[in-house]
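What follows is the residue order along each chain.
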Amino acid sequence: MYNVAVAGHICLDLTPALPLGIGMLPGNLYDIGGMTSRPGGCIVNVGVALAGLTLRPKLWGAIGEDDFGDIVLREVERLGLRTEGIIRSAEHHTSYSIVIEPAGMNRTFWHHTGANSSFDGRFIETDGTDLLHLGYPSLVPGLLAEGGAPLESVMRRARRDGVTTSLDLAVVDPDSAIGRLDWHGILDRVLQEVDVISPSVDDLTSALESGPVTSEQDLIALADELIAKGVAVVMVSAGEDGLLLRTAGAERLAQGGRVLQGLGAEWADASVFVQAKECDEIATTNGAGDAATAGLLYGLAAGLSPTATGDIATTVARRWIQQRELTAEDLAAASAV
């Protein structure tokens, strides 16, 4: 199996237990449940999901020298993830998100970028790494200076060393300073150095300011736009509607670093749509997209077929939503697809 590293956004997720129909009228007091806290953000979510898939990635990110940073570092170490790539900044607070997730409903975030603004990827080491996944550049402003030059540099340096590069996006707030950046220009520049990308529909439509996605053909058009920009493997998640896995031709895959070079001919020009797995219970939707990304990366690293990879991605996402551990039977069933 290949060595994997995950870099980019990290934060502390603070989630109050909220009843359905909770109000927000000024001056009112509402009775709610307890607060849970856990390290989150792309690198923790993907890292935890990969660990459940028998991989133990190294994490690269930035936190503050504060109490929240102490909590994040302690909990990430407790989860068994490699933390030597997490640096601490004296100038910034640790990033945090307040997750607003009333019972049975999708979540909303109140987010503070914090130390992620200091992360530009320069200290990422690619020696001994076969696959580098970087997540949420819109929440890591240090990667977006000069039209995305630091992000491009990280990916180019990794690919030069034979590393397969992977990128995930996050929803872009159009009213923020990040939202006013030239995202078409940033993606045109960066995606020439990206081998794998795994955004959600919302991530893409907010960054590209494109129209609504209402059909599988719309998903295919989005994926093909990314392939045209230079990406080899695209997975676009449509939440409860499933996901699309679509790839470039054999020549581009052969240029995709050590992981993609080892894939079979069945991966060239592949197009697979996988329905989302039904969930008998919903514990949280926070991090489900990262879990699907972990399934994609595992499928690529394990040399599974495109269909099996799409199946394991949806399986890992379902287990995450249920907050249940992935089982050996889950892996065996997906590998058999």
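Our structure's up above, just so we're on the same page.
Analysis parameters
- Residues numbered from 1 in each chain as written.
- Predicted model: local features only at pLDDT ≥ 70, side-chain atom pairs only at ≥ 80, totals over all residues.
- Heavy atoms only, no water.
- Helix = DSSP H or I, 4+ residues; strand = E, 2+ residues; numbered from the N terminus.
- Rg over C-alpha atoms; globule rule 2.2 N^0.38 Å.
- Buried < 20%, exposed > 50% of the residue type's maximum accessible area, 1.4 Å probe, protein only.
- Contact = heavy atoms within 4.5 Å.
- Areas by Shrake-Rupley, 256 points an atom, 1.4 Å probe, with all protein chains shown as cover.
- Lys, Arg positive; Asp, Glu negative; His and termini not counted.
- Charge placed at Lys NZ, Arg CZ, Asp CG, Glu CD.
- Axes fitted to C-alpha atoms, helices over the stretch in contact; angles between N-to-C directions.
- Parallel < 35°, antiparallel > 145°, perpendicular 65-115°, else oblique.
- Left-handed = near helix turned anticlockwise from the far one by under 90°.
- Nonpolar A, V, L, I, M, F, W, Y, C, P; charged D, E, K, R; others polar.
- Pairing = 2+ DSSP bridges.

### Examining the overall build of the protein chain
Phase 1 of the analysis: Broken down by element type, the protein chain carries eleven helices and 13 strands.
Phase 2 of the analysis: The C-alpha radius of gyration computed for the protein chain amounts to 19 Å, which stays within 12% of the reference 20 Å derived for 337 residues, consistent with globular compactness.
Phase 3 of the analysis: Expressed as lengths along the three principal axes of its C-alpha atoms, the size of the protein chain is roughly 60 × 45 × 40 Å.
Phase 4 of the analysis: In the protein chain, which comprises 337 residues, the share counted as buried stands at 54%.
Phase 5 of the analysis: Pairs at least 24 apart in sequence give 71% of the contacts found in the protein chain among residues at least 6 apart.
Phase 6 of the analysis: Taken as a whole, the protein chain presents about 14,400 Å² of accessible surface, with 50% of it coming from carbon and sulfur.
Phase 7 of the analysis: Of the side-chain charges in the protein chain, 23 are positive and 45 negative, and the distance between the mean point of each set is 5 Å.

### Points about unusual backbone geometry
Phase 1 of the analysis: One non-glycine residue, Tyr-136, lies in the positive phi region at around 65°.
Phase 2 of the analysis: Looking at the secondary structure, you find Tyr-136 in the loop between β8 (131-135) and α3 (145-160).
Phase 3 of the analysis: In this model, Gln-323 sits at a positive phi of 55°, which is unusual for a non-glycine residue.

### Concerning the packing of α3 against helix α4 (residues 183-190)
Relative placement of two packed helices is described by the angle separating their axes and the distance separating the axes.
Phase 1 of the analysis: Closest axis-to-axis distance for the α3/α4 pair is 9 Å, and the angle between their directions is 25°. Taken together, the axes of α3 and α4 are roughly parallel relative to one another. Every pair of crossing elements has a handedness; the one defined by α3 and α4 is right-handed. Contacts between α3 and α4 involve Glu-146, Gly-147, Gly-148, Ala-149, Leu-151 and Glu-152 from the first element and Ile-186, Arg-189 and Val-190 from the second.
Phase 2 of the analysis: Its residues assigned to classes, the contact of α3 with α4 comprises four nonpolar, two polar and three charged.

### A few points about the sheet that holds strand β2 (residues 11-16)
The strands making up a sheet associate through backbone hydrogen bonding, with each pair oriented either parallel or antiparallel.
Phase 1 of the analysis: The four strands lie next to each other as β3-β2-β6-β7, forming an open sheet whose pairing is mixed. The open sheet has two edge strands with one neighbour each: β3 (35-40) and β7 (108-112). Averaged over all pairs of adjacent strands, the angle between strand axes in this sheet comes to 20°, irrespective of strand direction.

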